[in-house]
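# A structural walkthrough
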Amino acid sequence: MGLYEALGIASIALASTVNAAVSSTGFTVAVDGIDYFLPPKPVASISGCEEIKASFKESPFIPITVASNGTFDVASYSYDDVWQTGFLEAVYLQGGSAPVNSSYTVLSGSASDALAPGPYFVNAAGQVYEAWRLYSDVQGAFTESVIANGDGSYSVLPAGTVGQKLAIAVPSRLYYMKTADKPLAGVRVGIKDIYDIKGLRTSNGNRAWYWLYAPAKNTAPPVQNLIDAGAVIIGKMITSQFANGETATADWVDYHEAFNPRGDGYQDTSSSSSGGGAGTASYSWLDVSLGSDTGGSIRGPSQVQGLFGNRPSHGLVSLDHTMPLSPVLDTPGLIARDPVTWTEAAKAMYGPNITISDAYPMKIQTLSWPTSASNPANALLIDFLGNVTEYLQANSSAYNVTAEFGADNPTLAPLTTIMNLTYALLITKQQVELVRKPFYADYAAKYDGRRPFVNPVPLARWGWGDNQTLTVADGIANKTLFMSWANTTFLAPSDTTCSDSLVMYVGSTARANPRNIYLDEPGVPFGFSSSRISVMAEVPDFVVPLGEAAYNSTITGHVEYLPVTANLMVAKGCDGMLFNLIEELHAAGILKTAKAGRSGVTGGEILLKRENILSY
């Protein structure tokens, strides 16, 4: 007997004794050049399908459109970014019969289950599958593309498409109808990769962490609240390592920073919610991103990409099953282009801990606000202040936080001295204990005492914290001192308007920060500024886009445009009032919905991206 014969016999014998665990992970097809993913389980079956029987000789799946109430109007489907005219190969009318002189093939037979209107695929056996359109994450905003398993857990999407990046699958918006119980039905949400989602690994921006730990057994409460409200989780999104502040390109080693679509396309995205900001600014098919804000990680990406973003009052929702940077400072926030969708998502995520109200402060206090329209950014900021002042019939005045603190506390050191080390102390000391120590120990136990790779920024920060004699308690004491003062002065509550005043400071002013520059070694985030006020005082701090201003791009050699934004703060617990005020300012035309693409004002094709960005 020859060698090949022996191997052949052995293979046959083995095959007869092994039962392979084979299961479907879904299917990918293309309709008129557009890629689709079909989830593995059919949602119904249609008996008959005789009208398209011959078509199955050419393809295992036929695209069809399902209509309800016995009628079908193409115009009512054309707004959907998943449906296209290729799904008119056949139409299944629920609750009616084929109209006379129909211009499309109408399927006879009956469905085993009621089907929502929209695009589907049917096979020769009559099994009906949902159509999920595949988009390429050309901006590198996602770490993994995901799909629900139907049992509360999620899996990595087993599909790809052209674009050199991940494929993200989104279901048709036609499948969903919002209700009181499901206010986010069909809203597509991306999740920062510090939040656990059952069935998926969490990376925290670190490759070693991703592979060291098993897939999560629980879903973090902020994510679960969104799911319970009907949101469709479509992927996990890029974060800087362990949610520390990193700048492209120098600081990002394990994973690359996402690409900011605005202007020349090579501006820093800000971090740590880099993926959420970039994805929301880039893709009309993404509605909301869940990020986190410890020292500015929601507000920074929102500012540089011209989006709505919120740091909430501290403690509105549990951060169990979420990687900590500093539990006394960490908050979950949302990034969106549309303030109405943003507010709905916030109400679902924070639940009863925010109360929508429509009585607004009659006093506006500005921090370092421009007084002269010396450039286009300042002009936008001055116009915005004037419009809000007029809308509220309020009085506005400048406020100097450091000077007022000194006047009220003459026996204490200056505020900038007291707060200089506070933020750095809290994030380093707490993350070393809660993240680094168990991570290093677990990695060493598995890999014979070795240490995992960590990016330069968290490594530098942790090292600084190791050498500090000051403690977390010292940091909390400084934070509490400032919070007690701030929350009884310029951020005081009000019985009638929730917050006694509306505090405003400048967000972004179209300042270029290109990612192709060499940086100095990473340092530690010392100091105190307007952006640290909400961090220490535990108050809501929201970013709103105002427009854009020109800059001379060193990348393209052309004049390009970057966002101008403002930040609004109110007393702790007044998140609902601030969300409602922003919605009203939007309805009044003072604020505008941001667009996806190169510009938040006009939209437009992202440089280097071949398709036009569609805005809905």
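Here the structure is a predicted model, which means the values were calculated and not measured.

What follows is about the pattern of salt bridges. For the coordinates displayed, the defined rule picks out 13 salt bridges. Of the charged contacts, one joins Glu538 and Lys479 as a salt bridge, the two residues approaching to 2.6 Å between their closest N and O atoms. One end of the pair, Glu538, is in the loop between α13 (530–537) and β22 (541–552); the other, Lys479, is in helix α12 (residues 472–486), and 59 residues separate them in sequence. For the pair Glu538 and Lys479, one class covers both residues: buried. Here the salt bridges share partners, and the residues they tie into one network are Asp293, Arg299, Arg311 and Asp541.

Among all positions in helix α3 (residues 221–228), only Pro222, Val223, Leu226 and Ile227 are buried. End-on view of α3: buried residues confined to an arc of 140°, all on one side of the axis. In this fold, the buried residues of α3 make contact with β10 (154–156), β12 (188–192), β13 (232–237), β14 (288–293), β16 (331–336) and α6 (339–350). Immediately beyond the C-terminal end of α3, within one or two residues, lies Gly230, with a positive phi of roughly 105°.

This part covers the sheet that holds strand β6 (residues 118–123). Reading across the sheet, the five strands line up as β3-β7-β6-β4-β5 and stay open at both edges, with mixed pairing between neighbours. Unpaired on one side and paired on the other, β3 (44–45) and β5 (91–93) mark the two borders of the sheet. Note that β3 and strand β7 (residues 127–130) share two bridges and pair antiparallel. Residue pairing across strands places Ser45 opposite Gln127, the latter belonging to β7.

Mean pLDDT over the protein chain stands at 93; residues scoring 70 or higher make up 95%. Counted against residues more than four places away or in other chains, residues 610–616, with its pLDDT under 50, gives 17 contacts.

α6 packs onto α3 with a crossing angle of 115° between their chain directions and a minimal axis gap of 8 Å. Note that α3 runs across α6; the crossing there is right-handed. Counting all contacts with α3, which are made through Pro222, Asn225 and Leu226, the residues of α6 involved are Ala345, Ala348 and Met349. Class assignment for the residues of the contact of α3 with α6 results in five nonpolar, one polar and no charged.

Let us look at the sheet that holds strand β17 (residues 363–367). The strand order β10-β9-β13-β12-β14-β16-β15-β22-β23-β21-β17-β18 describes an open sheet built from 12 strands, whose pairing is mixed. Two strands in the sheet have a free side with no partner beyond their single neighbour: β10 and β18 (395–398). Each strand axis lies, on average, 30° off the axis of its neighbour in the sheet, ignoring direction. Pairing of strand β15 (residues 308–311) with β16, which is carried by two bridges, proceeds in the antiparallel orientation. Across the sheet, Phe308 pairs through a bridge with Ala336, a residue of β16. Against the sheet, helix α14 (residues 575–587) makes contact with β15, β21 (502–509), β22 and β23 (559–569), and its axis sits at roughly 45° relative to β22, the strand it touches most.

What follows covers the UniProt feature "domain: Amidase" (unreviewed entry) in the protein chain. Sites flagged by UniProt as "domain: Amidase" (unreviewed entry) map to residues 178–370. As annotated, residues 178–370 comprises 22% helix and 17% strand, and the C-alpha atoms at either end are separated by 42 Å.

Reading guide: rules and limits
Residues numbered from 1 in each chain as written. Predicted model: local features only at pLDDT ≥ 70, side-chain atom pairs only at ≥ 80, totals over all residues. Heavy atoms only, no water. Salt bridge = Lys/Arg side-chain N within 4 Å of Asp/Glu carboxyl O. Helix = DSSP H or I, 4+ residues; strand = E, 2+ residues; numbered from the N terminus. Buried < 20%, exposed > 50% of the residue type's maximum accessible area, 1.4 Å probe, protein only. Arc of directions from axis to C-beta. Contact = heavy atoms within 4.5 Å. Pairing = 2+ DSSP bridges. pLDDT = per-residue confidence, 0-100. Axes fitted to C-alpha atoms, helices over the stretch in contact; angles between N-to-C directions. Left-handed = near helix turned anticlockwise from the far one by under 90°. Nonpolar A, V, L, I, M, F, W, Y, C, P; charged D, E, K, R; others polar. UniProt positions renumbered as here; feature names shortened; annotations may be inferred.

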